Every structure is written in structure tokens, then in C-alpha cells.
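Structural overview for review
Here is how the chains run, residue by residue.
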Amino acid sequence: MHIRKVLIANRGEIALRVHRACQEMGIQTVAVHSTADNTAMHVRLADESVCIGPPPARDSYLNMAAIISAAAITGADAIHPGYGFLSENASFAEMVEAHGLAFIGPRPEHIRMMGDKIAAKDAMRRLGVPLVPGSMGALESLDEARAVADEIKYPVLIKAAAGGGGRGMKVARSAEELEEAWRVARTEAKAAFGDDSVYMEKYLDRPRHIELQVLADTHGNVVHFGERDCSLQRRHQKLVEEAGSPVLSAEERDKLGANVTRALKELGYRNAGTLEFLWQDGQFAFIEMNTRLQVEHPVTEMVCGVDLVKEQVRIAAGEPLGYGQDEIRFNGHAIECRITAEDPETFAPSPGRVNMYHAPGGLGVRVDSALYSGYVVPPHYDSLVAKLVVHGGTRAEAIARLRRALAEMVVSGIRTTLPLHQQIVADPEFQAGDYTIHWLERFVARMRADG
Ligand code: MV4
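Sequence order sets the numbering: in each chain, residues are counted from 1 along the sequence as written. Two thresholds apply to this predicted model, a pLDDT of at least 70 for residue-level local features and 80 or more for giving and counting side-chain atom pairs, whereas whole-chain, interface and lining totals are computed over all residues. With hydrogens and water stripped out, all remaining heavy atoms of the structure feed into the side-chain values.

1. Overview of the site of the ligand
Selection criterion: The criterion for a residue being near a molecule or strand is simple. One of its heavy atoms has to lie within 4 Å of it. In the analysis that follows, any N or O atom pair within 3.5 Å is treated as a polar contact, provided that within protein one partner can donate a hydrogen and the other can accept it, and provided that, for residues neighboring in sequence, both atoms belong to side chains. Per-residue and other accessible areas follow the Shrake-Rupley method at a 1.4 Å probe size, with only the shown protein chains counted as cover for residues. Put simply, DSSP marks the helices as runs of H or I at least four residues long and the strands as runs of E at least two long, and each gets a number from the N terminus on. Amino acids are sorted into nonpolar (Ala, Val, Leu, Ile, Met, Phe, Trp, Tyr, Cys and Pro), charged (Asp, Glu, Lys and Arg) and polar (every other residue, Gly among them).
Neighbouring the ligand are 17 residues; K159, E201, K202, L204 and E288 lie closest to it. One of the side-chain nitrogen or oxygen atoms of K159 is found 3.0 Å away from a nitrogen atom of the ligand. Take E288: an N or O atom from its side chain is 3.0 Å from a nitrogen atom of the ligand. Starting from 520 Å² of accessible surface for the ligand in isolation, the protein chains cover 91%. Secondary structure elements with two or more residues in the shell around the ligand: β6 (156-160), β8 (198-202), β12 (271-280) and β13 (283-290). By residue class, the composition of the shell around the ligand is eight nonpolar, four polar and five charged.

See below:
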């Protein structure tokens, strides 16, 4: 299939990111936008734009019928969903394909499978990917939960099948805490997802979050682009990501990558995907798979010298990857800071008018942002306003470059997390790569205590 025009079903920096890839490929772009985004950069740069509804996302960026209609009206051949919004909605992917359009992403069946965390783990277990010890499938009763916990030993974690992002997740540190955790997890899961199915895992107390980027074409070729360490999170929001992980050797990466690519080939996976692992004491345990392009994909692009969005488009057009795993090289180190329009101490949202925007530059610096001087950050959407990404020959060089770039960057008129990023990258423990998923939460508390 030849793709001549792509509709970008997203907004902000990722809409721009997809537009840039399409432009370079000689592909026309269609932006869709809400009335809150009339002056947005993605609308200005796209070849065409269609207003699809009022500011609330459910009436615009989540309005499937409006988006498919916009594709039909403009004669688009394909839809790129970006991340968030409809990107992991299997019904949307089905609808796109039923209208004769290419969905630039995985097959609907795999989006659906990975959206159900129990089904995802079952598939990975079957395919021989290592998991955290836990229940086989859903827990049917409190008695079953007790039996599994006695088997795998406390502490244990009860997780929602429909979850992800930490919602509906409860730790039980002993048998006495299990009933409460069981009830609260199920109630939260029901309220958040309309589904109270839960499962159990051994609770890992000090893991790192390490994820692996893969691409699969429609000819059975699957490759990986190494790992990203995303342990620096606060309340399940990532702030800083690195490629590669400061703790992983080339041998460990190759071993994990070989296992995962073999598994996804067996599964018949298509397009981009990311497998999330917890890493503790030198062991990987699969927890979830994301069936979308991720926010932090640029660190992988910098290290591997690949444009993942162009690859996604080529795969959707039916082209073979055209290279093998042995042609993918990991060069140096990359780090991304997610700059959000939030108070750097309280994380209260801070939308509003940006008086001045100045992006840093120079060798090894990349900024993915839809900001411009005079832009008004609307209050209706995610607070991410810029991704500052640096590359260096070594991790130490990347950190020095990041400190230099953060000092150059200006976003005035709104509060942003830039000052917090400056503090993080100046910290000796961060610089040593010595952190787990709990490090940032404690760091933020320490910063607030110190004033
Ligand atoms: C865990 C865990 C410890 N042990 N699973 C949080 C969100 C979801 N994606 C998985 N999560 C976790 N699962 C076991 N068996 C700790 C977390 C977790 C976490 C994971 C990755 C990054 C940040 C985190 C922060 C708190 C808890």
C-alpha cells in the first residue's frame, strides 16, 4: 500500500513529531484539533487541518467518528494515533481498518490483548518471557489470594487486570493486610475501569523500571532497539528517561532482546511496541506491554540513529524493515527531561501564556516541543510542553550536555519543572546512576523540606 497522506490523531509535541517524519518522507499531513487548539503549532504546520470538536478530549481527540470522518473528507490513507488518547484503543484501530485506512500501529487483537494485563502476562509466560512470580490469571476469591500469597511469600501486590499506571494496585506486607488490600484493589479497579478483575504478584521492593523498544514488520521480521531506564518517576509520571540503562551490560541487553524478539515473532506482532520490565538483583521480570509509540522514544532514536516514526509509517505501508538486528548499533548515551507546565514544587498545573520561549541548541541537543513565544498552554490536556533530549558519547558527557542545555532553556510566563530538572541532574546519586523507582519521590520530598 502506498501512503500519500496521514491524519495525525493527536496534539502537542507528538503531533509535531509525526508531522516532521511525514514531511521528510514526502507524505502530506492532516491535523485534527479541538477549538482550544486553533492556534496550536501542529495545526499551523500540517498541510491541512480539521476542527473536530470542543475542548474536552472526549468530545474531540477521543471522538472516533469525528476523526474517521476527517480522514474520509481529506482523503487520508492512514492514521497515526501518537500516544495517549486513542492510541491503545483496539476498537478505534478496528474502525480505522474497517474504513479502508491503515492504522499506523499494532494489530487490534494485540492492542486488546496487552490492554488486559492478565492476558498479556499469560501470553508472555507461554512465549517464555520471564515474569514476576504470582497468580496464574485472575484471582477468583480471597481464599485463592491467600493461597497464592502463602506460596510466593509476602510482601505481595494486588493489581487490576485493566490497570497500568499504578491505579488499582495495593501492597499486602503480611497475611493480616491481605483482606484489606484485596477489597481496596477490587473497589478501585471497579471504579476506575468498570472491571474488578485482579491478579497477584510478588512485590519487588527496590526495582528499576527498564523497558525494551521493538519494531516488527508484516513479513515476520522483528528487531529491538535496546532498553530505556524509566525509573525516575513521581506518582507514575516519568520525569527523566535514559538510553541505555546505567546498570545494564551489552550482554544482558542482547540476551533480553533476543528472547523478546523471538517471542514477538511467534506472536505475530506488528509495528512498534515496548515491553516493560522490573529489574532487581540482576533479574528481569515482565510486567506490561505498551502497544504504542512512547513519549520517551527519542532517547532510543538518538542512541540507535533511527527515526522510529518513519519506521512505523514504512511498516504500515507494508514495507519490510530491510535490516537485521546485527545492523542496529548502540552509540553513546541519551537522556530526556520531560518539561511540564506545572509548579516545580507542588506539581499544580500551570497553564497560560508563554511570554518567551527559547530552546537550547548545539551538538547532541534535541528539543521536541510545540511551544512558541506567545503560545497559550490550554488547561484541558496533558501538561507536557517540551522534551529536552541530549546525546553524548558517554553517560557523563550526556549529563554535562544536559546541564548546559537546561541552563540555556527559557520558558517564561508559566511555571515549569525546569528548575526541578536542574536539581535532579546536579545530584550525585543521579550522576552515579544509583537509583530505583522510589528515588525521585524521596528526592522531591527532600527538595521541599530544604526549601
Ligand atoms: C510492581 C512493583 C513492584 N513489584 N510490581 C507501577 C505501575 C505499573 N506499571 C507497575 N507498577 C509497579 N509494579 C511488582 N510485582 C512496583 C511498581 C511501581 C512502579 C513501577 C515502575 C515505575 C514506577 C513505579 C512506582 C511505584 C510502583
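2. Concerning the nonpolar core
For the record, the criterion: To define a nonpolar core, start from buried Ala, Val, Leu, Ile, Met, Phe, Trp, Tyr and Cys residues and group those joined through side-chain atoms within 4.5 Å. Relative accessibility under 20% of the residue-type maximum defines a buried residue, over 50% an exposed one, and the middle range a partly exposed one, all with a 1.4 Å probe and only protein chains included. In what follows, residue pairs with any heavy atoms lying within 4.5 Å of each other are defined as contacts.
Within the largest apolar cluster, 39 residues are counted, with the highest numbers of intra-cluster contacts made by M409, I424 and F430. Mapped by element, the contributors of at least two residues to this core are β11 (237-243), β14 (333-340), β17 (365-369), β19 (384-392), α12 (395-408), α13 (418-426) and α15 (439-450). Residues within four places of F430 in sequence aside, it is in contact with L232, V240, E242, I335, R395, I399, I424, V425, Y435 and W439. Among the nonpolar cores identified, the runner-up in size contains 36 residues, and A78, L308, V313 and A334 belong to it.

3. Considering the domain arrangement of the protein chain
A common way to state how big an interface is: give the accessible area lost once the parts meet. The line we're drawing: As annotated, the domain borders come from an automatic or database domain assignment. Accessible area, probed at 1.4 Å, shrinks when two parts are joined; the buried area is that loss added up over both. Criterion for a salt bridge: a side-chain nitrogen of Lys or Arg within 4 Å of a carboxyl oxygen of Asp or Glu.
Each assigned domain of the protein chain is listed with its residue range as follows: domain 1 (5-104), domain 2 (133-202) and domain 3 (208-450). The centre of domain 1, based on its C-alpha atoms, is set 23 Å off from the matching centre of domain 3. Opposite the 34 residues of domain 1 that make contact, domain 3 presents 31 residues. Here domain 1 meets domain 3 over a buried area of about 2400 Å², counting both sides, of which 58% is carbon and sulfur. The interface formed by domain 1 and domain 3 contains six salt bridges. With its nearest N and O atoms 2.7 Å apart, the salt bridge here joins R17 to E301. Applying the counting rule to domain 1 against domain 3 returns 13 residue pairs in polar contact (both at pLDDT 80 or more). Of all the elements, helix α1 (residues 12-24) adds the most residues to the side of domain 1 that touches domain 3, at nine residues.

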